[in-house]
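Spelled out, the chains give:
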Amino acid sequence: MPVEIALLDALVPSLLFAFIAAGVGSLILDWIFVRYEIYGYLWYPALFRLALFICLFAVLGLCIY
Amino acid sequence: MRFIPNFIINRKAHDLVLLQAAWREWLTEDAPIIAYIFKVLLACLLAMWLSLRFELDQPRTAMMTVAIVMQFRSGMVFAKSYYRFLGTSVGILVSFLLVALFAQERVLFLVCMGLWIGLCTAGSMIFRNFQSYAFVLAGYTLCIVGLPSAITPELTFNIGVTRISEILIGLICATLVSDLIFPQRMWNVMLAAVRRRFKDFSDLLQTTATKPVASTTATPTLLRFLGDIFSLETFQASTGMENDKSRLHRQKLSRMNNEFMEVSTSFHAFEQLLRRQHNSTQPQVSEALQRVYQALSAAIMVEGRSAQTEQEALIVSRKLSAFRNQFSAKLHTERAQLSADISASERLDFETGCELLQRLTDELYVYTSTYASLAASQGSNISPTEAASAPKLEMHFDPLAVTLAGIRGTLSLAILSALWILTDWRSGVEAITLGVISSTLFATTPSPTRTIKNFMIGAIIGTLLAYFCNFHLLTQAHGFWMLAVAVAPCIIIAAWFTTRPATAIVGAGVFMVYLMHIGFNSAYNSNPVTFINDAIADLLAVLISGIMYGLIDLSSSRWSRQRIAKSLRNLVVAACRDPVALRRSRLETGARELVQRAGSAQRIGDKEDRIVMEWLLSTLEIGHAVIALREYMQVVEHPYISKMLSLGLESVAQLYDEPSEAYRIHAINTIDHAMAEINQANIEFNLPQANQHQITVMLHFIRSALLDEESVLAAGTQNKLEKH
């Protein structure tokens, strides 16, 4: 993967897309977790959400670099 | 231990209890405020650090974003962040467009900008909550991004991207901090609000049951409910990103809000009827009704008090269900006890009361059951129909008010930019920016003039703080930590202002002006001349938007109140005349929203506002009867009777269209006539018994409401007569 992508002739870091993708991914997971009440089993849902997002983002970021 | 006298141990225990109580009080009252201030500070510093680290142009934008979106509840921070992002993005895109089209022609550019800002302000008046905020943002972002870009068109893209990056950093910091550190969940607040409302409402039912005529206390309570309905709606709208139960119960809460509106309207109608009955000479009817009503109010008690939790509401809903089953039997006995010598009209009064009581009971039962179902475990009882049946609170607005608000935003832009162009003033852009922000941001508050006054105070304090910070503290700061120490005190002061409802706007003003002037970008760059120029620009801008709010006053002027009363009456007219029957929920939300938007409920002490409230109650009372009547009318097949009823409705519509004594008498006569005809028809054509009964009862209710000399209808028409 290139480090920067030309979006309408503006160079945009690929990491931005990874960020957006990770955000969307964690939103979907979040929806599922709320729907099936998985957050009830967690001690600190907010922290879990953040950690999940960072994991997703890091995985995608590692794919780029 | 044995050597210590007993009383000392007792005293120690006593002290400990006191200490514990004080500790608990501190935990519930002061600790959240301190935690909140700490969170604002932390998020601000985090945003500042990140922006400096990424070498963005203006760390202050990120800090300002934090200051703006920070709220007590995590869910509201999410919602506001989301809309802030949307609004800013749209604003930036439009700035690109405008710069691309008109960068060479500043007048054309400003004209288009004015149009856009006017449109956005109008949009913000139409929508509620944070959606309205997104519109405001889409408008004023044009000033922040578009104006500097128009001056240096080659940097447009950079300015836009920097702005959005800074805002994103601010949003991320704010949401992270508020979600991770001492999060305040929406669910607890919402549940508390729902519980309190139910308790208040049952209390109200109790008091009216024991003291029927001392109902002057009821109006303020009903008004508070009005506020509650909309604040719950705000809460409900902000739960989309929360991860607790509130998100699961969204539909239910919104449905409950609607049910509550219906219950409170029915209650008001019944209460009015009781009051009228009480004034009449024959106490028998009112006593009989009172007895049934007391049985109802006993049914909603749990162990002699109002239900406080969902579990208790479950008990109440069972009791109500039992009460409903016995209801007709109870009425029967009461009916039998009425002595034979009372007149037909009094008997009809009794029947009307029964009908209203029946409605009240049914609606109360539905409301209680929904409330109680919050307690039941989730998962099991989400019925598939539930999601579909929950009605949304619809939008209602006055087109003229919306247009005027748009014009106001555009006018402040026009005045300030004329000032800028004519005097060639360096700080003109600054003035335009703050002027547009302040003249559009507060358009939706209940009383903009007072709000802008507070904002002005905040702006002055913020300027002083910024001066002190820029030229005394920042000059001595070296390195990030020193910078943080220099910046922090003022942030704490501003955050403390925002925690108190009375000074929240002052706090917003302090934040905005202080962070706009804070004297560093990537490095220290502040000089007193620019600072003072900008400070003058800010204060002037706020002053001008204050004048604009005063000139185009949409909420507290006499004219606007009359318009609201008129729009309220128009709802009744629509209920009578529209070929498609007005839906009940539309009437309920429409009427309440009109009043809520105007902010009359917040200023109940004012005499003219009280008239607005009375029109609201009268609209609800008559409107709900009219809607019920039209429902019953659909079953009537006989053309003559239908025509009589339509005439009756038309006369009510006429009265509400243009209240006057003549129309009132005319309406009463027409309804009298219709009732007589129906009675007659009953003998001649054999109308269905139940249907005829319901129609007569509703007609009688409308008639007695129109006859009421204490109602706003009578008062309003008399005032008019005196004027002529």
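Structure's up top.
Quick caveat: nothing in here was measured; it's all calculated off a predicted structure.

J.: What is the right way to look at the overall build of chain A in this model?
T.: Scanning chain A from N- to C-terminus turns up 2 helices and 2 strands. Rg of the C-alpha trace for chain A: 15 Å, well past the compact-globule value of 11 Å for 65 residues, more than 25% over. The principal-axis extents of the C-alpha atoms in chain A amount to approximately 45 × 20 × 15 Å. Burial statistics for chain A: of 65 residues in total, 26% are counted as buried. Once local pairs closer than 6 in sequence are excluded, the contacts in chain A between residues at least 24 apart make up 51%. Surface summary for chain A: the accessible area is close to 4,500 Å², and the carbon and sulfur share equals 78%.

J.: Would you mind going over the nonpolar core with me for this structure?
T.: In summary, soluble globular proteins display a tendency toward joint burial of nonpolar side chains. Residue and element names in this part refer to chain B. Counting residues in hydrophobic clusters, the biggest one holds 118 residues, and the most contacted among them are Y293, I622, Y656, L699, I702 and L706. Of all the elements, helix α23 (residues 607-633) adds the most residues to this core, at 14 residues. Setting aside chain neighbours within four positions, we find L699 in contact with L629, L645, I671, A674, M675 and I678. Grouped together as the second largest cluster of nonpolar side chains are 100 residues, Y133, L465, V506 and Y549 included.

J.: Looking at this structure, how should I read the environment of A47 of chain B?
T.: Residues and elements named next belong to chain B. Here A47 lies in helix α1 (residues 6-53). It is 41 Å that separates the C-alpha atoms of A47 and T589, two residues lying 542 residues apart in sequence. With residues up to four places along the chain from it excluded, the contact list for A47 reads A62, V66, I169, G170 and C173.

J.: Please explain a nonpolar patch on the surface as it appears in this structure.
T.: Residues and elements named next belong to chain A. On the surface, L7, L8, L16, F17, I20, V24, I28, W31, I32, Y36, I38 and Y41 cluster together into a nonpolar patch covering about 1,300 Å² of accessible area. By the element assignment, I32 lies in helix α1 (residues 14-35). You can call I32 partly exposed: its relative accessible area is 31%.

J.: So what exactly am I meant to see when it comes to the packing of helix α16 (residues 428-441) of chain B against helix α20 (residues 528-551) of chain B here?
T.: Two quantities define a packed helix pair, namely the angle between the axes and the distance from one axis to the other. Residues and elements named next belong to chain B. Viewed as axis vectors pointing N to C, α16 and α20 meet at an angle of 35°, and their least axial separation amounts to 8 Å. In this structure, α16 crosses over α20, and the sense of that crossing is right-handed. Residues E430, A431, L434, G435, S438, S439, T440 and L441 of α16 form the contact with α20, whose own contacting residues are D534, A537, D538, A541, V542, S545 and Y549. Classifying every residue of the contact of α16 with α20 by side-chain character gives 7 nonpolar, 5 polar and 3 charged.

J.: What should I look at first to understand the pairing of strand β1 (residues 4-7) of chain A in this one?
T.: For a regular strand, side chains alternate in direction, first toward one face of the sheet and then toward the other. The pairing of β1 of chain A with strand β2 (residues 10-13) of chain A spans 4 bridges and is classified as antiparallel. Bridged to L7 of chain A within β2 of chain A is A10 of chain A.

J.: Quick question: what am I supposed to make of the side chain of E363 of chain B here?
T.: Residues and elements named next belong to chain B. Mapped onto the fold, E363 is located in helix α13 (residues 344-372). On the basis of relative accessibility, which here comes to 13%, the residue E363 falls in the buried class. When sequence neighbours within four positions are dropped, the list of residues in contact with E363 reads E262, V263, S266 and R584.

J.: Sorry if this is basic, but what is going on with the interface of chain A and chain B here?
T.: By a widely used convention, the size of an interface equals the accessible area lost when the partners come together. At the interface, 14 residues of chain A touch 17 residues of chain B. Taking both partners together, chain A and chain B bury about 1,100 Å²; carbon and sulfur atoms supply 63% of that area. Taken as a group, V34, Y44 and R49 of chain A account for 37% of the area that chain A buries against chain B, more than any other trio of residues on that side. Inspection of the region where chain A meets chain B yields 1 salt bridge. We note a salt bridge from D179 of chain B to R49 of chain A, for which the minimum N-O separation is 3.3 Å.

J.: Looking at this structure, how should I read the packing of aromatic side chains?
T.: Think of a pair of aromatic rings as described by two things: how far the centres are apart, and how the planes are tilted against each other in angle. All names here are of chain B. Scanning the entire structure with this criterion turns up 23 aromatic pairs over all chains. Plain terms: the ring middles of W23 and W26 are 5.6 Å apart, the flat faces sit at 15° to each other, and that makes the pair stacked. Here W23 and its partner W26 are both found in helix α1, 3 residues apart, which amounts to about one turn of the helix. Here the aromatic rings of F198 and Y371 are separated by 4.8 Å at their centres, their planes lie at 40°, and the arrangement is tilted. Residue F198 is found in helix α7 (residues 186-210), and its partner Y371 is found in helix α13; the two are separated by 173 residues along the sequence. Taken individually, F198 and Y371 each receive the classification buried, so the pair is uniform in this respect. Within the aromatic cluster, the residues linked to one another by ring pairs are F198, F201, F260, F267, Y367 and Y371. The ring of Y133 has K80 lying over it, and the distance from NZ or CZ to the ring centre is 4.9 Å.

Basis of the calculations
Residues numbered from 1 in each chain as written. Chains lettered and ligands numbered in written order. Predicted model: local features only at pLDDT ≥ 70, side-chain atom pairs only at ≥ 80, totals over all residues. Heavy atoms only, no water. Helix = DSSP H or I, 4+ residues; strand = E, 2+ residues; numbered from the N terminus. Rg over C-alpha atoms; globule rule 2.2 N^0.38 Å. Buried < 20%, exposed > 50% of the residue type's maximum accessible area, 1.4 Å probe, protein only. Contact = heavy atoms within 4.5 Å. Areas by Shrake-Rupley, 256 points an atom, 1.4 Å probe, with all protein chains shown as cover. Core = buried A, V, L, I, M, F, W, Y, C linked by side-chain atoms within 4.5 Å. Patch = residues over 30% accessible without salt bridge, like charges linked within 9 Å, V, L, I, M, F, W, Y side chains within 5 Å. Salt bridge = Lys/Arg side-chain N within 4 Å of Asp/Glu carboxyl O. Axes fitted to C-alpha atoms, helices over the stretch in contact; angles between N-to-C directions. Left-handed = near helix turned anticlockwise from the far one by under 90°. Nonpolar A, V, L, I, M, F, W, Y, C, P; charged D, E, K, R; others polar. Pairing = 2+ DSSP bridges. Buried area = accessible area lost by both parts, 1.4 Å probe. Phe/Tyr/Trp six-rings, centres within 6.5 Å; stacked < 30°, edge-to-face > 60°. Lys NZ or Arg CZ within 6 Å of the ring centre and 35° of its normal.

Keep in mind these values describe shape, not function.
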